[in-house]
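Per-entry structural report
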Amino acid sequence: MSRDQASVRMVDVARLESGCRKTLAKALTLVESTRPDHREEAERLLGAVEKNPDHSIRIGLTGVPGVGKSTLIDVFGGHIINQGHRLAVLAVDPTSSLSGGSILGDKTRMPGLAVNPHAFIRPTPAGESLGGVARRTRDAIVLCEAAGYDVIIVETVGIGQSEALVSNMTDLFMLMLLPGAGDTLQGIKRGVMELADMVVISKADGAMQACARLSAAEISHAIRLIQPRHEDWIPPVLMVSATEQSGIERLWQLVCRFRKQVRRDGRLSEVRCRQAWEWMWTETRQQLLDHLKADEAVRRRMDSLKSRVLSGDLSPSAAASMLVAQFRKQADGPCPGDS
Amino acid sequence: MNQAFDADADPAMAKWRRQAAAERVRCGVDNQVWMTPEGIPVKPVYTAADLDGIAHLESLPGQPPFTRGTTATMYSTRPWTIRQYAGFSTAEESNAFYRDCLAAGQTGLSIAFDLATHRGYDSDHPRVEGDVGKAGVAIDSVEDMNLLFDQIPLDRMSVSMTMNGAVLPVMAMFIVAAQEQGVDQSALSGTLQNDILKEFMVRNTYIYPPRPSMRIVSDIIAYSAGHMPRFNPMSISGYHMQEAGATVVQELAYTLADGIEYVRAALSHGLQVDQFAPRLSFFFATGMNFFMEIAKLRAARTLWADLMDEHFSPENPDSLRLRTHCQTSGVSLTSLDPYNNIVRTTIEALAAVLGGTQSLHTNSFDEALALPTEQSARIARNTQLILSHETGIRNVVDPLAGSYYVESLTGSLIREARVLIDEIEEAGGMTAAIEAGLPKLRIEEASVLRQARVDQEQEVIVGVNRYPLERETPVDIRILDNHAIRKAQVGRLERVRKSRDKRAVTRSLDALAEVAASGSGNLLESAVAAARARATVGEISDALASVFQRYRAEPGVLGGVYGRAYEGREEFRVIQERVMAFARSEGRRPRILVVKLGQDGHDRGARTIATAFADMGFDVDIGPLFQTPEEAVSQAIENDVHILGISSQVAGHRTLVPAVMAGLKERGSDDIKVVCGGVIPQDDYAYLYARGVSAIFGPGTSVPEAALQILDILESDRVQEHA
């Protein structure tokens with residue numbers, strides 16, 4: 001029996017739910033694993049844990065590298081814990097190095113939370129595919145909630161498609177911007193602005209304070225032109241400074257107000273249901289693609305089509321139709337997901 | 001362009017070229033230019049044509065820009081100061097050692113403090129359990145300082161103190177100890193390192209954030225300008241940059257850029273440049289690139305004079321004069337075949353002297369293994385005494401002046417360093433550049449590239465990657481009883497706390513915090529009052545931290561540099577394939593947590609390992625600096641790693657590693673394998689293996705070697721579990 005198989009057996013649901021950190025760590029390893037038998041175990045575990053997410057709040061946080069996400073989480077997280085909550089921090093990192101290995105320095109950047117007994121930080125290695133990263137982050141949220149963490153922060157670097165994914169697995173999506181970002185508002189992807197429930201201007205201290213105030217005003221103005229995600233919630237823009245610890249309390253108050261407001265009339269569970277439905281489709285797409293790519297005949301066909309597409313003899317869409325036709329021919333039998 | 005044209009036109013040169021080409025063909029050598037790590041091309045021969053356009057050639061010793069030396073007669077009238085850096089755990093032991101050294105011909109003192117003191121903690125603080133007495137002497141209060149200098153006349157002995165983080169309490173206690181000895185501060189001579197900027201770049205023994213740290217620096221400069229005319233308030237240091245892997249050009253450029261930043265800080269304090277600039281001093285490393293190191297000191301003096309003149313136009317020529325201390329390179333020492341280190345140190349010392357240093361520390365040959373013994377310290381000191389008294393080297397000033405090669409190298413270094421200095425200026429000066437993390441990344445990149453060169457034997461280290469010994473002979477080394485040292489230190493601390501006037505202590509600390517908060521008044525002046533009232537290093541540091549906060553770095557780690565240097569190499573491909581095979585069968589990549597424990601901030605090794613392992617396909621977690629064993633154990637368990645790697649440079653392993661092993665066991669996680677790396681004496685290997693450590697990688701282990709061994713451990717672990 002291999003080491004990880006041994007650890008699979010060790011994920012004791014009762015211990016996980018009692019808040020054992022080591023058990024949670026092992027459970028997270030299980031959902032991170034790419035091995036099919038681990039996946040099955042993971043599904044069983046996820047089915048077995050008690051789902052009582054109503055008491056939790058899931059916060060997504062995005063911003064470009066250097067905006068100060070980790071520093072803010074360290075200070076903000078400390079404040080949240082002082083209010084009597086338990087906090088889990090997960091990271092979605094879609095970047096992968098040449099070799100596929102990752103450098104995980106999150107705890108270095110959150111030295112306060114790293115030693116706080118009420119915080120659990122789990123940096124997760126970059127995956128081969130964004131879909132894989134997203135899947136295990138969703139699973140990780142469920143496991144952290146089962147282990148008694150009632151505030152979950154999912155952090156992502158604001159590049160590529162990761163913001164949309166994270167906003168789709170969280171209740172509240174925060175966008176972090178540097179002071180001065182207002183000058184180049186057109187440079188911020190409109191799509192990201194549309195996802196934001198809250199905009200946080202970081203590093204609003206010292207010489208940057210005036211600049212931050214100007215940015216906040218500009219962004220507040222711009223955000224009114226965007227259709228909000230929740231009709232009675234206009235995304236607030238606020239300034240914070242992790243070094244001066246200013247704006248932190250206000251940020252938490254806003255989070256609480258948001259939570260209260262969207263929970264009225266069971267809207268929060270409505271949102272989560274919709275997310276679950278969308279997630280099912282995302283998963284379906286991903287699994288179909290995985291099966292398609294793993295199919296030997298499709299791969300052979302792909303090789304033969306490649307040169308024709310590259311040389312321009314065959315249009316990409318025609319080639320795609322041929323691949324899908326090939327796959328359907330292969331799959332003409334019991335559906336692969338039916339087993 | 002011009003000089004190449006001239007050389008081409010010269011018929012004698014053309015003939016030389018043909019001859020050289022023939023010799024290269026005969027010997028099968030095709031490389032005619034040696035590209036140094038700094039990217040300076042070195043040709044096989046230099047001629048007068050290479051001196052074209054070099055401005056400093058006509059200068060004389062003792063005259064600006066001081067290329068040829070700080071004084072007109074240099075060592076012929078005043079030999080360099082033999083200043084050996086040392087500190088032995090306790091004040092009593094260090095004091096006895098210093099007095100022996102002075103009797104044996106040493107001419108100045110250089111105090112090494114322990115890690116707890118550097119970081120502003122008292123010896124009884126729970127975070128420093130493994131650090132007290134490590135790498136130097138523990139100082140908690142002025143009583144320790146009194147013992148340290150017992151019977152050493154401070155009005156006649158120049159004292160250098162390597163202190164950067166806890167500069168205020170340590171300097172204050174030095175001043176008070178002198179006063180209690182009957183010596184007025186105006187009579188004190190020596191140097192305080194007080195160079196905080198480089199701590200943020202490489203050595204990590206800072207306490208407060210960059211900006212309040214700069215205030216401390218300028219307050220000390222101002223205080224000494226007013227009260228201590230013979231004391232150098234700072235030693236602007238490139239040494240630790242080279243030790244951390246910086247190239248000579250980076251060391252030169254960043255050190256001078258730091259210097260400019262300090263001058264600006266002092267000027268903004270209201271001082272005039274000539275009030276303090278003559279007392280600024282420097283500190284460089286001397287490595288094995290012999291002529292480059294000589295040229296570096298000549299280039300440093302020239303550049304400093306030019307920069308000072310350009311930026312600040314001082315009236316006193318002394319403000320243009322760069323005076324420096326040098327130390328032979330610690331990273332050039334090897335733990336394998338260690339007697340070779342005596343030879344290396346001799347060559348490096350010769351380079352420092354030919355470059356015109358004002359004082360010199362020569363390393364002991366066993367410093368890659370442990371702290372020096374009396375025997376090894378004696379050999380190190382005698383290396384300088386022999387150079388000074390037996391070679392005749394002191395009789396001629398700047399003997400390599402006019403060498404085509406050395407002058408050309410000097411010119412190249414000046415030019416290349418200028419480029420980097422301009423880059424820092426464009427970033428808004430050194431404090432801003434450091435906040436942006438620019439120099440740290442540059443140095444780290446150079447360091448990783450050097451590791452790759454050594455691992456690939458492109459750089460030869462005799463006795464390590466070439467001509468290794470079949471069997472290493474054991475060397476006698478000094479072993480510290482960390483627990484006993486700490487106990488003695490804590491006992492004295494308690495006595496001090498009992499016997500002092502508590503209200504006076506509180507008053508003085510409140511006053512200090514007030515000066516820190518208000519931004520007016522001098523911090524050192526207030527610290528002197530607190531030290532006199534018997535406030536401790538920890539209390540003074542905490543009073544300041546209540547206003548300034550303790551600084552926590554957020555280091556980014558760069559990826560890809562090591563891997564690129566290995567592109568296409570078979571051994572690297574083999575490792576990557578084994579990593580992938582592991583990932584396929586386990587469902588995830590091998591995951592390793594790399595930590596440093598205790599207050600030791602030398603993280604070059606840990607960071608190099610982290611980036612190299614990620615490039616080989618491992619998932620690498622990095623622990624924050626200054627972790628306790630318990631924190632490292634928690635992180636290993638919570639991140640669910642396969643391997644916990646501990647990097648140790650300053651002898652903390654005997655206390656801290658067993659604590660880690662016990663912690664893992666207690667939490668039922670001893671399936672996590674522990675490996676150690678860094679400066680660990682051979683004698684301790686058995687001790688660590690007996691406590692369950694799986695592998696130990698000494699200096700000289702190549703990174704691929706370490707990776708293969710770790711993969712072996714992981715794979716055998718799996719086989720065992722299968723059985």
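Conventions adopted
- Residues numbered from 1 in each chain as written.
- Chains lettered and ligands numbered in written order.
- Predicted model: local features only at pLDDT ≥ 70, side-chain atom pairs only at ≥ 80, totals over all residues.
- Heavy atoms only, no water.
- Helix = DSSP H or I, 4+ residues; strand = E, 2+ residues; numbered from the N terminus.
- Buried < 20%, exposed > 50% of the residue type's maximum accessible area, 1.4 Å probe, protein only.
- Contact = heavy atoms within 4.5 Å.
- Areas by Shrake-Rupley, 256 points an atom, 1.4 Å probe, with all protein chains shown as cover.
- Rg over C-alpha atoms; globule rule 2.2 N^0.38 Å.
- Lys, Arg positive; Asp, Glu negative; His and termini not counted.
- Charge placed at Lys NZ, Arg CZ, Asp CG, Glu CD.
- Domains from an automatic or database assignment.
- Buried area = accessible area lost by both parts, 1.4 Å probe.
- Salt bridge = Lys/Arg side-chain N within 4 Å of Asp/Glu carboxyl O.
- Polar contact = N/O pair within 3.5 Å; in protein donor to acceptor, adjacent residues only side chain to side chain.
- Nonpolar A, V, L, I, M, F, W, Y, C, P; charged D, E, K, R; others polar.
- Phe/Tyr/Trp six-rings, centres within 6.5 Å; stacked < 30°, edge-to-face > 60°.
- Lys NZ or Arg CZ within 6 Å of the ring centre and 35° of its normal.
- Core = buried A, V, L, I, M, F, W, Y, C linked by side-chain atoms within 4.5 Å.
- Expected span 1.5 Å × (residues − 1).
- Axes fitted to C-alpha atoms, helices over the stretch in contact; angles between N-to-C directions.
- Parallel < 35°, antiparallel > 145°, perpendicular 65-115°, else oblique.
- Left-handed = near helix turned anticlockwise from the far one by under 90°.
- Pairing = 2+ DSSP bridges.
- Disulfide = S-S within 2.5 Å.

For the rest of this paragraph, the subject is the overall build of chain A. Tallying secondary structure elements over chain A gives 15 helices and 8 strands in all. In chain A, which comprises 339 residues, the share counted as buried stands at 52%. Considering only residue pairs separated by 6 or more positions, chain A has 77% of its internal contacts joining residues 24 or more positions apart. Surface summary for chain A: the accessible area is close to 16,000 Å², and the carbon and sulfur share equals 54%.

Further remarks concern the overall build of chain B. Along the backbone of chain B there are 28 helices and 16 strands. On C-alpha atoms alone, chain B measures out to a radius of gyration of 26 Å, which is about the 27 Å that the 2.2 N^0.38 rule sets for 723 residues. For chain B, the proportion of its 723 residues judged to be buried stands at 61%. As displayed, chain B has an accessible area near 27,300 Å², and 52% of this comes from carbon and sulfur atoms. Taken together, the 70 basic and 93 acidic charged side chains of chain B have centroids lying 2 Å from each other.

Our focus in this paragraph is the domain arrangement of chain A. Residue and element names in this part refer to chain A. Partitioning chain A into domains gives domain 1 (1-50), domain 2 (51-265) and domain 3 (280-332). Taken together, the contact pairs 17 residues of domain 1 with 20 residues of domain 2. Taken over both partners, the interface formed by domain 1 and domain 2 buries close to 1,700 Å², and the fraction arising from carbon and sulfur atoms is 60%. Here domain 1 and domain 2 share 2 salt bridges between them. R39 is the salt-bridge partner of D139, the closest N and O atoms lying 2.8 Å from each other. Put simply, domain 1 and domain 2 have 7 residue pairs in polar contact (both at pLDDT 80 or more) between them. Of all the secondary-structure elements, those providing two or more residues to the side of domain 1 that touches domain 2 are α2 (13-17), α3 (21-32) and α4 (36-48). For the side of domain 1 that touches domain 2, the leading source of residues is α3, giving 8 residues. The residue inventory of the side of domain 1 that touches domain 2, partitioned by class, reads 9 nonpolar, 3 polar and 5 charged.

A few words now on the packing of aromatic side chains. Residue and element names in this part refer to chain B. Overall, the coordinates contain 21 aromatic pairs over all chains when judged by the stated rule. For the ring pair F200 and Y551, a centre distance of 5.1 Å and an interplane angle of 85 degrees mean the geometry is edge-to-face. Taken together, the residues F200 in helix α7 (residues 196-203) and Y551 in the loop between α21 (537-548) and α22 (561-565) connect sequence positions 351 residues apart. F200 gets classed as buried once you look at its relative accessible area, which sits at 8%. Overall, the relative accessible area of 26% leaves Y551 in the partly exposed class. Ring pairing ties together the aromatic residues Y46, F290, F291 and Y405, which thus form one cluster. R119 extends its terminal NZ or CZ atom over the ring of F626, reaching a point 3.5 Å from the ring centre. Lying over the aromatic face of Y121, R550 brings its terminal NZ or CZ to 4.1 Å of the ring centre.

Bringing the nonpolar core into the picture now. Residue and element names in this part refer to chain B. L256, W304, L413 and M430 are the most contacted members of the largest nonpolar core, which totals 82 residues. By residue number, the principal contributor to this core is helix α12 (residues 290-312), which donates 13 residues. Counting residues in hydrophobic clusters, the runner-up holds 64 residues, among them F113, L148, V167 and A543.

Before going further, it helps to examine the side chain of S235 of chain B. All names here are of chain B. Looking at the element boundaries, S235 is found in strand β8 (residues 234-237). Among the residues examined, S235 registers a relative accessible area of 6% and is labelled buried. If we ignore the near neighbours within four places in the chain, the residues touching S235 are T191, L192, Q193, D195, S281, F282 and F283.

Below, the discussion takes up helix α8 (residues 210-227) of chain B. Taking 1.5 Å per residue as the helical rise, α8 of chain B with its 18 residues ought to reach 26 Å, and the 26 Å between its terminal C-alpha atoms agrees with that figure. In terms of burial, α8 of chain B is largely enclosed, as 14 of its 18 residues are buried.

The next thing to look at is the packing of α12 of chain B against helix α13 (residues 340-355) of chain B. Residue and element names in this part refer to chain B. As a packed pair, α12 and α13 sit with axes 8 Å apart at the nearest point and diverge in direction by 30 degrees. One way to sum up the angle between α12 and α13 is to call them roughly parallel. Seen along the crossing, α12 lies across α13 with a hand that is right-handed. Contacts from F290, E293, I294, L297, R298 and R301 of α12 reach α13 at I347, L350, A351, A352, L354 and G355.

At the junction of the two partners, chain A supplies 37 residues and chain B supplies 45 residues. Across the chain A to chain B interface the summed buried area is about 3,300 Å²; carbon plus sulfur atoms make up 45%. Where chain A meets chain B, there are 4 salt bridges. The salt bridge involving D640 of chain B is made with K26 of chain A; its shortest N-O contact spans 3.0 Å. Taken together, the links from chain A to chain B amount to 15 residue pairs in polar contact (both at pLDDT 80 or more). Counting residues per element, the ones that place at least two in the side of chain A that touches chain B are α1 (3-10), α3, α5 (69-82), β3 (103-104), α6 (106-109), α7 (111-114) and β4 (119-122) of chain A. Counting residues per element, the side of chain A that touches chain B draws most heavily on α3 of chain A, at 6 residues. Of the residues belonging to the side of chain A that touches chain B, the class tally is 12 nonpolar, 13 polar and 12 charged. Sheet topology places β3 of chain A next to strand β13 (residues 619-622) of chain B; 2 bridges connect them, and they run parallel.

What follows deals with the state of the cysteines. Residue and element names in this part refer to chain A. Across all of its chains, the model carries 0 disulfides over all chains by this definition. Free of any disulfide, C144 has its nearest neighbouring cysteine sulfur in C20, separated by 13 Å. Sulfur of C256: no disulfide; nearest cysteine sulfur belongs to C144 and is 20 Å away.

This part is about the sheet that holds strand β6 (residues 172-177) of chain A. Residues and elements named next belong to chain A. Strand order in this open sheet of 7 strands is β4-β2-β5-β1-β6-β7-β8, and the pairing throughout is parallel. Strand pairing shows two members of the sheet lacking a second neighbour, β4 and β8 (237-239), which therefore form its edges. Between one strand axis and the next, the sheet turns by 20 degrees as a mean value, whatever way the strands run. Pairing between strand β1 (residues 57-63) and β6: 4 bridges, direction parallel. Residue pairing across strands places L61 opposite M174, the latter belonging to β6. In the packing of α5 onto the sheet, contacts are made with β1, β2 (87-92), β4, β5 (151-157), β6 and β7 (198-201), and the angle to β5 comes to roughly 175 degrees.

What follows concerns the pairing of β1 of chain A. All names here are of chain A. Buried residues dominate β1, accounting for 7 of its 7 residues. The alternating pattern of β1 places I57, I59, L61 and G63 on one face and R58, G60 and T62 on the opposite face, and all of these are buried. Pairing analysis gives 7 bridges linking β1 to β5, with the strands arranged parallel. Pairing of I57 across the sheet is with V151, part of β5.

All names here are of chain B. The terminal C-alpha atoms of helix α17 (residues 438-455), which comprises 18 residues, lie 26 Å apart, in line with the 26 Å expected from a rise of 1.5 Å per residue. For α17, the complete set of buried residues consists of P439, K440, I443, E444, A446, S447, V448, Q451, A452, V454 and D455. Two residues or fewer after α17 comes E457, characterised by a positive phi angle close to 60 degrees.

Residues and elements named next belong to chain B. Between α17 and helix α24 (residues 604-615), the least distance of the axes is 10 Å, while the angle of their chain directions is 70 degrees. In terms of orientation, α17 lies roughly perpendicular with respect to α24. Along the contact surface, α17 presents K440, E444, S447, V448 and Q451, while α24 presents R604, R607, T608 and T611. Here the contact of α17 with α24 is composed, by residue class, of 1 nonpolar, 4 polar and 4 charged.

We now examine the side chain of R83 of chain B. Residue and element names in this part refer to chain B. Within the secondary structure layout, R83 lies in strand β3 (residues 81-86). Despite being buried, R83 has no salt bridge partner; D155 is the closest side chain of opposite charge, sitting 14 Å away. If we ignore the near neighbours within four places in the chain, the residues touching R83 are G108, L109, S110, S158, V159, S160, H325, S359, L360 and H361.

Residues and elements named next belong to chain B. Across the sheet, which stays open at both edges, the 9 strands sit in the order β7-β6-β5-β4-β3-β11-β10-β9-β8 with parallel pairing between neighbours. In the strand order of this sheet, the two ends are held by β7 (231-232) and β8, each with one partner. Relative to β7, strand β6 (residues 190-192) is paired through 2 bridges, and the arrangement is parallel. Within the sheet, the bridge partner assigned to G190 lies in β7 and is F231. With respect to the sheet, helix α10 (residues 248-268) is in contact with β8 and β9 (280-286), its orientation differing from that of β9 by roughly 165 degrees.

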